[in-house]
Amino acid sequence: LGLLLFRDGQMLDSAAAPYYVAGFGCAAAAMILTIWLHGRFAATHMPGATSHAVSARLTGLLAAGMGVKIALLVIGFFALKQFPLGAEPAKFSDLSIFAVTFAGAALLCQMCTALRLARSLGRPATN
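What counts and what doesn't
Residues numbered from 1 in each chain as written. Predicted model: local features only at pLDDT ≥ 70, side-chain atom pairs only at ≥ 80, totals over all residues. Heavy atoms only, no water. Patch = residues over 30% accessible without salt bridge, like charges linked within 9 Å, V, L, I, M, F, W, Y side chains within 5 Å. Areas by Shrake-Rupley, 256 points an atom, 1.4 Å probe, with all protein chains shown as cover. Salt bridge = Lys/Arg side-chain N within 4 Å of Asp/Glu carboxyl O. Helix = DSSP H or I, 4+ residues; strand = E, 2+ residues; numbered from the N terminus. Buried < 20%, exposed > 50% of the residue type's maximum accessible area, 1.4 Å probe, protein only. Disulfide = S-S within 2.5 Å. pLDDT = per-residue confidence, 0-100. Contact = heavy atoms within 4.5 Å. Core = buried A, V, L, I, M, F, W, Y, C linked by side-chain atoms within 4.5 Å.

K.L.:
What is the right way to read a nonpolar patch on the surface from this model?
P.N.:
Nonpolar side chains collect at one region of the surface, where M66, I70, V74, F77 and F78 lie side by side and expose about 460 Å² of accessible area between them. Within the fold, F77 resides in helix α3 (residues 51-82). Assessed through its relative accessible area of 33%, F77 is described here as partly exposed.

See the structure below:
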């Protein structure tokens, strides 16, 4: 949706566009790391899992995913502050565009991941 809104350059300054794209890229990297992390934990067998154990496990997986997202947001923020994407140093507005874009994209990824995990953990395992 954001790419469609800002594609003509009227709503987003051209100097800030790299920070916008960096926010999407960082969110995509967070999504990939989160899916990998969830796959590692979800692959372990839970003998005699009750609904309480499944919900506790789902909460733990979502918390781990949020930790990955926060870590990448902080790393991305400091990396862009240290190594700006343009000729000038990164301004507050540029870093805000990065952070808000990252947060929006990461939230959508988190919602999709939560739905997928709920479906896969709610199903009995087939061996």
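K.L.:
When you look at the state of the cysteines in this model, what are you seeing that I'm missing?
P.N.:
Think of a disulfide as a covalent bridge from one cysteine sulfur atom to another cysteine sulfur atom. Evaluation of the coordinates by the stated rule reveals zero disulfides. Just so you know, C112 is unpaired, no disulfide at all, and the nearest cysteine sulfur is the one on C109, 6.7 Å from it. Residue class for C112 comes out exposed when judged on its relative accessible area of 54%.

K.L.:
Before we go on, may I ask you to explain the confidence of the model for the protein chain in this structure?
P.N.:
The predicted structure's coordinates, where accompanied by low pLDDT, should not be read in detail. On average, residues of the protein chain score 78 in pLDDT, and 78% of them are at 70 or above. Per-element averaging of pLDDT across the protein chain places helix α1 (residues 2-6) at the bottom with 59 and helix α2 (residues 17-42) at the top with 84.

K.L.:
What am I meant to see in the side chain of T34 here?
P.N.:
By the element assignment, T34 lies in helix α2. The residues touching T34, leaving out its near neighbours within four places in the chain, are G65, V68 and K69.

K.L.:
I keep staring at the nonpolar core and nothing clicks. Help me out?
P.N.:
Nonpolar side chains tend to gather and get buried jointly when the protein is soluble and globular. In terms of nonpolar packing, the biggest core is built from 14 residues, with Y19, C26, L72, L80, F98 and F102 touching the most fellow members. Listing elements by their share of this core, those giving two or more residues are α2, α3 and α4 (92-122). The residues contacting Y19, other than those within four sequence positions of it, are L80, P84, L85, G86, A90, D94, I97 and F98.

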